[in-house]
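Letter by letter, the chains look like this.
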Amino acid sequence: MCACKSRLPEINGRVIVLGVGDTAFDCATSALRCGAKKVYVVFRKGFTNIRAVPEEMEAAREEKCEFIPFASPKEVKISNGKIIGMEFYKTEQNDNGEWYEDENQLISLKAEVIISAFGSELRDQDVISALDPVKVNKWGYVEIDSTTMATNVPGVYCGGDIGGFANTTVESVNDGKQASWHIHSYLQSMHGISVPVTPQLPQYCTPIDAVDLSVDVVGVHFENPFGLASAPPTTTSAMIRRAFEAGWGFALTKTFALDKDLVTNVSPRIVRGTTSGQNYGPGQGAFLNIELISEKTAAYWCRSVTELKRDFPTKVIIASIMCGYNKEDWTELAVMAEKSGADMLELNLSCPHGMGERGMGLACGQKPELVRNICMWVRAAIKIPFFAKMTPNVTNIVDIATAAKEGGADGVTATNTVSGLMGLRENATAWPSIGVEQRTTYGGVSGNAIRPIALRAVSAIGNALPGFPILATGGIDSADVGLQFLHVGASALQICSAVQNQDFTVVTDYIYGLKALLYLQSMEEFDKEGWRGQSPPTPKHQLGKSIPRVADIIGKKLPHFGEYKMTRKSILSKHRENIDLLENGVEERKIRSPSKPVPKIQDVIGKGLDRIGAYGKLDNKQQVVALIDEDMCINCGKCYMACNDSGYQAIHFDPVTHIATVTDDCVGCTLCSSVCPIIDCIQMVPRTTEYVPYRGVPIGVKL
């Protein structure tokens, strides 16, 4: 609605909408809402030529719009200065597939309103003359090169409807994008400046782009904190090369060993998780793998590190190595990896499957004394920094991290995968199952399913060993999650499962997402307004549309289903008819500016650690209770079911209206909010009365 109008426009009678694109269907359905008695959607070609999205057309059909195909406007009928109808030519196709107007076939429609949403053709002779010497073909389109959008006149470009190729707004915008590159190339050529043959349009540039994501870890400069873990995404040096080209700041090699410890993997060995139910395709919440270390030799990886470091000098390359509990082996392999040019080493002391049976990986990483000794051997052999990779499959990971630090490690990686068995089939076989015997073994669980374990491990180490660098890994699949790990003490972030779900390009989202999150921290007003990261406070809504409180209009609550829903719709419709929609004026868009410097990565590392600690430090005097927003509630009853059978029976559910009401028995456990399908429909607010626990039997009573 136009901001200069305080009410919706009123349309009476019949309406003809010319066109069959998204805009035309929007006009058609909007005309009905503004009071039109009947709406005709008229278009030149048939239904197979409709370019609007199916949802738009279906909405118009459901609202009883009438479709008139094969009709081209002839003239508007006017009587006494008012529109009374419109006449159309019937359109046909000749044997060459060209459309033409058959003047012997006419269609007449009565209407009081005509809305034009047709694409444009160039018919005005004055305009055509003004364009000379630009050529216009017999169909009224400017002749253009469909690749460059150039006309016959050097330096003149054209796109959209008038070019004859674009049929939608999206295609027209793409014409402009295509033309902009060739205009740029043309202008550069006028000054003797060459440009790449492949178009390389710049991205939008905002203050967020200027946010610095670089961080220094043990004297090594990382251009951004996102890197690939030692895992399937770094199986070969070619994959690491493509990852660097995509924007990753660092990468670990797949773990390699001495030739005497080479492995041969089984198959199948990487399977989807079952922790999120029967979810197929991308977006897996977990993976399980029984893949061992790299099948490639140490010589291959050392040569690869040298080549990668030569071609990507600004990227950080970490060589991941593994040996048994043998000083000579660790010394030999560490020295070899250092000579290859690696920036750092990572000692894999944590592989949870297969390697432990060989006295490697997990077998070395579960005992502090072994970890301490291995780190001492490596420290004595090399000068570059190295990190010890922790296993979560221990009683106290802090003990292992402390041993690594005492042994001379510059930091730790937390954590490797969690040992697990993903599930069994109905015939008692597990997956993955190997060979005709269908045997399996415990594998490493990764992805979002282990994120709470990884966050716990990183925060525990961060609190116990302040300032000790940590490379975090385990369920990082977004900039938001990455920031969480930074807040609990991580210095940089290793990622695997998120790449397995998509590809290397996810790093672009992570980089710009983290830049945005850091930039927003420079805006103190967002905190005051209740923003969470990039998300503003949730407005009152139903199906995403804002709604006024019905209780404020009629003085009582109404649910959102059945007859109540229809009553609600009627009440709100009459309410909107009787109010001035612009009573409070048009809200001006605020221009936000930082109120303090944008934090750097180093500034946010460990920022949340002081809030994580022992249970005894939690204040049981500051209690909360649940508050259900009746206007956002969809009356599904899930909060009632959860509270009744898994909580404290503190929600009353009206059997007729299905309105849920929190009673005084609420203890603020937050289970109802956790299972509610509507974001922020149930919020936890401070308790205004003293919380007195119900003890069942009064204190002091003896049985």
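Residues numbered from 1 in each chain as written. Predicted model: local features only at pLDDT ≥ 70, side-chain atom pairs only at ≥ 80, totals over all residues. Heavy atoms only, no water.

### Brief notes about the overall build of the protein chain
Put simply, the rule reads: Numbering of helices and strands runs from the N terminus; a helix is a DSSP stretch of H or I covering at least four residues, while a strand is a stretch of E covering at least two. The globule rule used for comparison is 2.2 Å times the number of residues to the exponent 0.38, while the radius of gyration itself is calculated over C-alpha atoms. To sort residues, take the accessible area from a 1.4 Å probe on protein chains only and compare it with the maximum for the residue type: under 20% means buried, over 50% means exposed, and anything in between is partly exposed. Residues count as neighbours in contact if any of their non-hydrogen atoms are within 4.5 Å of one another. Positive charge is attributed to Lys and Arg, negative charge to Asp and Glu, and no charge count is given to His or to the chain ends. Charged groups are reduced to one reference atom each: NZ for lysine, CZ for arginine, CG for aspartic acid, CD for glutamic acid.
Assigned secondary structure in the protein chain consists of 20 helices and 27 strands. Its C-alpha radius of gyration of 33 Å places the protein chain more than 25% over the 27 Å reference for a compact globule of 703 residues. Considering only C-alpha atoms, the protein chain reaches an extent of 100 × 85 × 60 Å along its principal axes. Within the protein chain, buried positions represent 42% of all 703 residues. Long-range pairs, those at least 24 residues apart, make up 66% of the contacts in the protein chain between residues at least 6 apart in sequence. With 70 positive and 78 negative side-chain charges, the protein chain shows a spacing of 4 Å between the two charge centroids.

### Description of helix 7 (residues 327-339)
The criterion, for reference: A helix is expected to span 1.5 Å multiplied by its residue count minus one. The term polar contact refers here to a pair of N or O atoms within 3.5 Å; inside protein, the definition further demands a hydrogen-donor-capable atom paired with an acceptor-capable atom, and it admits residues adjacent in sequence only when both atoms are side-chain atoms.
With 13 residues, helix 7 extends 18 Å between its outermost C-alpha atoms, agreeing within 8% with the 18 Å of an ideal straight helix rising 1.5 Å per residue. Residues of helix 7 that are buried in the fold lie against helix 6 (298-311), strand 14 (316-321), strand 15 (344-348) and helix 9 (368-381). You can read the cap of helix 7 off the contacts: a side-chain oxygen lies 3.0 Å from the backbone nitrogen of glutamate 328, and it is on asparagine 326. Directly after helix 7, the chain includes glycine 341, whose backbone phi takes a positive value near 105 degrees.

### Some words on the pattern of salt bridges
To keep it simple, the criterion reads: When a carboxyl oxygen of Asp or Glu lies within 4 Å of a side-chain nitrogen of Lys or Arg, that pair is called a salt bridge.
Evaluated as defined, the whole model comprises 27 salt bridges. A salt bridge links glutamate 291 to lysine 254; its shortest N-O distance comes to 3.2 Å. With glutamate 291 in the loop between strand 13 (287-289) and helix 6 and lysine 254 in the loop between strand 11 (250-252) and strand 12 (270-272), the pair connects residues that are 37 residues apart, well separated along the chain. Per residue, the accessibility class of glutamate 291 equals that of lysine 254, and both read buried. Aspartate 261 is paired through a salt bridge with lysine 260; the nearest N and O atoms lie 3.7 Å apart. Taken together, the shared-partner salt bridges connect Lys74, Glu75, Lys77 and Glu87 into one network.

### Observations regarding the environment of phenylalanine 653
You can see phenylalanine 653 is positioned in strand 25 (residues 651-653). Put simply, phenylalanine 653 and cysteine 639 are 14 residues apart on the chain and 9.2 Å apart in space, counted from C-alpha to C-alpha. Setting aside residues no more than four positions away along its own chain, phenylalanine 653 makes contact with Asn635, Gly637, Tyr640, His658, Ile659 and Ala660.

### Considering the pairing of strand 21 (residues 492-495)
Which entries qualify depends on this criterion: Two strands are said to pair when DSSP picks up at least two bridges between them. When the strands point away from the viewer and the connection leading from the first strand across the helix to the second strand turns clockwise, the crossover is called right-handed.
What you see with strand 21 is no split at all: Ala492 and Gln494 on one side and Leu493 and Ile495 on the other are buried throughout. The pairing of strand 20 (residues 470-473) with strand 21 spans three bridges and is parallel. Bridge pairing links alanine 472 to leucine 493 in strand 21. The parallel pair strand 20 and strand 21, bridged by helix 12 (residues 479-487), forms a crossover whose chirality is right-handed.

### Section: the packing of aromatic side chains
How two aromatic rings sit relative to each other is set out by the distance from centre to centre and by the angle between their planes. Quick note on the threshold: Two aromatic rings from Phe, Tyr or Trp, using only the six-membered ring of Trp, form a pair when their centres are within 6.5 Å; if the ring planes differ by under 30 degrees the pair is stacked, by over 60 it is edge-to-face, and anything between is tilted.
Tallying each qualifying case throughout the model produces 13 aromatic pairs. Measuring from centroid to centroid gives 5.6 Å for phenylalanine 226 and tyrosine 510, while their planes differ by 45 degrees, and the two rings are tilted. Residue phenylalanine 226 is found in strand 10 (residues 226-228), and its partner tyrosine 510 is found in helix 14 (residues 506-520); the two are separated by 284 residues along the sequence. Comparing phenylalanine 226 with tyrosine 510 shows no difference in burial state: the two are buried.

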